[in-house]
Amino acid sequence: MTKVACPVAVAARTHGAALAWHSIEQSYRYDQFHEQVLQLQRQLLKLSVQRGELIAYQGNNSPTMLALFWACARQGFIFCPLSPKWTQSQVVTLLAEHNIRHVISSVYPSLSTLSLANSADNDCASETAANQPCVSIDIERDTPCNVILTSGSSGFPKAAVHSFANHVASAQGSASMIALSNQDSWLLNLPLFHIGGLATTIRCALAAACVVAPVNSQPLIEQLQSLRPSHVSCVDAQLLPLWQQPQFVDALTRCKALLLGGSAISDTTLTMLEQHNICAFISYGLTEMSSQVATAPVNRQGLVGSPLPGRELTIENGHILMRGPCRFLGYLERGQLTVLPQHQWFDSKDLGQWQQNQLKIVGRADNRFVSGGENIQPETIEALLLRHPQIQRAMVYPLPDERFGQLPHAVIDAQTELTQQQLDAFLADKLPRFMRPRSYQAWPQRLTSVGIKFNRRQVLRALNVEH
């Protein structure tokens, strides 16, 4: 097995005084964080965790959670982060499905089978060398490193397995477009159970940069003002309500790079980015490719750029297929990894096309529906709705119709109330009649999303719409 030095250990040696983690509650230098990872490694060995076993962790982002990832990577354990929003029944089902014996849950302590006393959130005196188990500061490149749960198109979580080599290739490709150094910091405003959150922390470790962590529910404008990150990842819907606040614009202009993902970018945001000369990028990525696949400076054509280094991409029958060093190992099925052959293409089920030698995302193959014999791609309509200056989010879905089979309808998150007549007039010169939504509903306010993409099934459930 090929091993590489753990980036945290390297940063501790070369930039030990640099911050590895910073929040308004606590901060850790790289030398301190490295010691905390070592401490967790020793605890796990004493708890008789075996190489290749999964460790499930349910909780919010924290130094403990991140240190556990690195401890698992070094010792050959498989880190499996779970959303704290999951119900106890969901967690129990997942643990049984994959035969996971080792569990740490801050949400349901009764499910925990491991107790990590004196974890990375606490300081403790080191044991004597004679009592300490032998631990590794190297990481096997090509063996399973972590599991990230992704709903995919079925709605039932798929367990995508990555190697450390996948993450390194992903981070190196990202750095080819968005430079990151030991003087920089990246805002961790995505959870570590999301590939975007985990990828952010790995990019930082490889560059000896700082992970800056907001307090849960802290508004984005306060995150930027209090933590002053150099790099920020977010979605357009987070930006739209804030553009009219001068202090938000000032905070954002201090950032070196803004990475936008998740969906089309509204005209309002594009205009503000241009007006204030903010360095912003649009990105396309997915769990199975260890986060970013293509990245480009923001543009009004919606082009997401060419594949980053470490990614190969082709389009067959409209479907985007990809492979390369950052493609995941395969899915976990009943606790066993089903490995994809190294050179096999992965069908993303996303639809795309080449324009000006760059990739343009059309939508999801499984979102497409037929109305009166015409194919309708919801994302096409959604992108046009986002051109309305008052609309922050939009989702189009079909409902049965006796005459046409199915007709488009929409749910929108708007800053002011918009009527059917107003929206019909807005789309009249942009879409043919058969593509214009027949009704609009308000975005369900009780719905909370995690990650950079909204879950269509969750939105429909919140609307009590059968689909």
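Residues numbered from 1 in each chain as written. Predicted model: local features only at pLDDT ≥ 70, side-chain atom pairs only at ≥ 80, totals over all residues. Heavy atoms only, no water.

Visitor: Help me understand helix α3 (residues 63-75), please; the structure alone is not making it clear to me.
Guide: Since the α-helix packs 3.6 residues into each turn, any two residues three or four apart lie on the same face. Over its 13 residues, α3 runs 18 Å from end to end, which matches the ideal 18 Å to within 8%, given 1.5 Å per residue. Most of α3 is tucked away: 13 of the 13 residues are buried. Looking at the residues trailing α3, positive phi occurs at G76, about 85 degrees. (Helix = DSSP H or I, 4+ residues; strand = E, 2+ residues; numbered from the N terminus. Expected span 1.5 Å × (residues − 1). Buried < 20%, exposed > 50% of the residue type's maximum accessible area, 1.4 Å probe, protein only.)

Visitor: Honestly, the side chain of S136 in this entry has me stumped. Any pointers?
Guide: The residue S136 is located in the loop between β6 (102-105) and β7 (138-140) in this model. Judged by its relative accessible area of 16%, S136 is buried. Every residue in contact with S136, bar those within four places of it in the chain, is listed here: Q41, R74 and Q75. (Contact = heavy atoms within 4.5 Å.)

Visitor: Is there a simple way to think about the side chain of S371 in this case?
Guide: Looking at where S371 falls in the secondary structure, it is placed in strand β22 (residues 369-371). In this structure the side chain of S371 is engaged in a polar contact, spanning 2.6 Å, whose partner is the backbone oxygen of Q406. With near-sequence residues (within four places) excluded, S371 lies in contact with I376, F404, Q406, L407 and P408. (Polar contact = N/O pair within 3.5 Å; in protein donor to acceptor, adjacent residues only side chain to side chain.)

Visitor: Help me understand the sheet that holds strand β26 (residues 440-442) in this model?
Guide: Hydrogen bonds along the backbone pair up the strands of a sheet, which may run parallel or antiparallel. Pairing within the open sheet is mixed, and its three strands lie in the order β24-β25-β26. This sheet does not close on itself; its edge strands, each paired only once, are β24 (391-401) and β26. Pairs of neighbouring strands in the sheet enclose a mean axial angle of 30 degrees, with direction left out of account. As judged from the 10 bridges shared by β24 and strand β25 (residues 405-414), these two strands associate in the antiparallel manner. In the strand pairing of β25, P400 is matched with Q406. (Pairing = 2+ DSSP bridges. Axes fitted to C-alpha atoms, helices over the stretch in contact; angles between N-to-C directions.)

Visitor: I would appreciate a short explanation of the sheet that holds strand β20 (residues 346-355) in the present structure.
Guide: With antiparallel pairing, four strands are arranged side by side in an open sheet as β16-β17-β20-β21. Strands with a single pairing partner mark the edges of an open sheet, and in this sheet they are β16 (312-316) and β21 (358-364). Averaged over all adjacent pairs, the angle separating strand axes in this sheet is 50 degrees, with direction ignored. Where strand β17 (residues 319-323) lies against β20, three bridges are found, and the strand directions are antiparallel.

Visitor: Before we go on, may I ask you to explain the packing of aromatic side chains in this structure?
Guide: Aromatic rings considered in pairs are described by the distance between their centres and by the relative angle of their planes. Scanning the model with the defined rule gives six aromatic pairs in all. Summarising the aromatic geometry, the rings of F328 and F346 are spaced 5.4 Å apart at their centres and angled 80 degrees between planes, so their arrangement reads as edge-to-face. With a gap of 18 residues between them, F328 in the loop between β17 and β18 (330-333) and F346 in strand β20 connect regions that are remote in the sequence. Put simply, the rings of F69, W70, F79 and F164 pair up and form one aromatic cluster. Over the ring of W186 we find R203, and its NZ or CZ is 4.8 Å from the ring centre. (Phe/Tyr/Trp six-rings, centres within 6.5 Å; stacked < 30°, edge-to-face > 60°. Lys NZ or Arg CZ within 6 Å of the ring centre and 35° of its normal.)

Visitor: Sorry if this is basic, but what is going on with the nonpolar core here?
Guide: Within soluble globular proteins, side chains that are nonpolar generally end up buried alongside one another. If you look at the biggest cluster of nonpolar residues, it comprises 53 residues, and the most contacted ones within it are Y30, F33, L44, I55, L68 and W70. With nine residues, α3 is the largest single contributor of residues to this core. Those residues in contact with W70 that sit more than four places away from it in its chain are C6, P7, V8, F33, V37, I139, F164, I202 and A205. Grouped together as the second largest cluster of nonpolar side chains are 45 residues, I221, V232, A251 and M272 included. (Core = buried A, V, L, I, M, F, W, Y, C linked by side-chain atoms within 4.5 Å.)

Visitor: Explanation requested: the pattern of salt bridges in the structure shown.
Guide: Oppositely charged side chains can pair when the atoms bearing their charge come close. The full count for this structure, using the stated rule, is 14 salt bridges. Put simply, E274 and R300 hold a salt bridge, and the shortest N to O gap is 3.2 Å. Highlighted residues: E274 in helix α10 (residues 267-275) and R300 in the loop between β15 (291-297) and β16, separated in sequence by 26 residues. For D350, the salt bridge identified is with R364, shortest N-O distance 3.1 Å. Within this pair, whereas D350 is found in strand β20, its partner R364 is found in strand β21, the two being separated by 14 residues in sequence. A single network of salt bridges, built from pairs that share partners, joins D267, E274 and R300. (Salt bridge = Lys/Arg side-chain N within 4 Å of Asp/Glu carboxyl O.)

Visitor: Before we go on, may I ask you to explain the environment of S112 in this structure?
Guide: Its place among the elements puts S112 in the loop between β6 and β7. What makes S112 partly exposed here is its relative accessible area of 26%. It is 36 Å that separates the C-alpha atoms of S112 and Q342, two residues lying 230 residues apart in sequence. When sequence neighbours within four positions are dropped, the list of residues in contact with S112 reads V103, I104 and S105. A polar contact is formed between the side chain of S112 and the backbone nitrogen of S105, at a distance of 2.8 Å.

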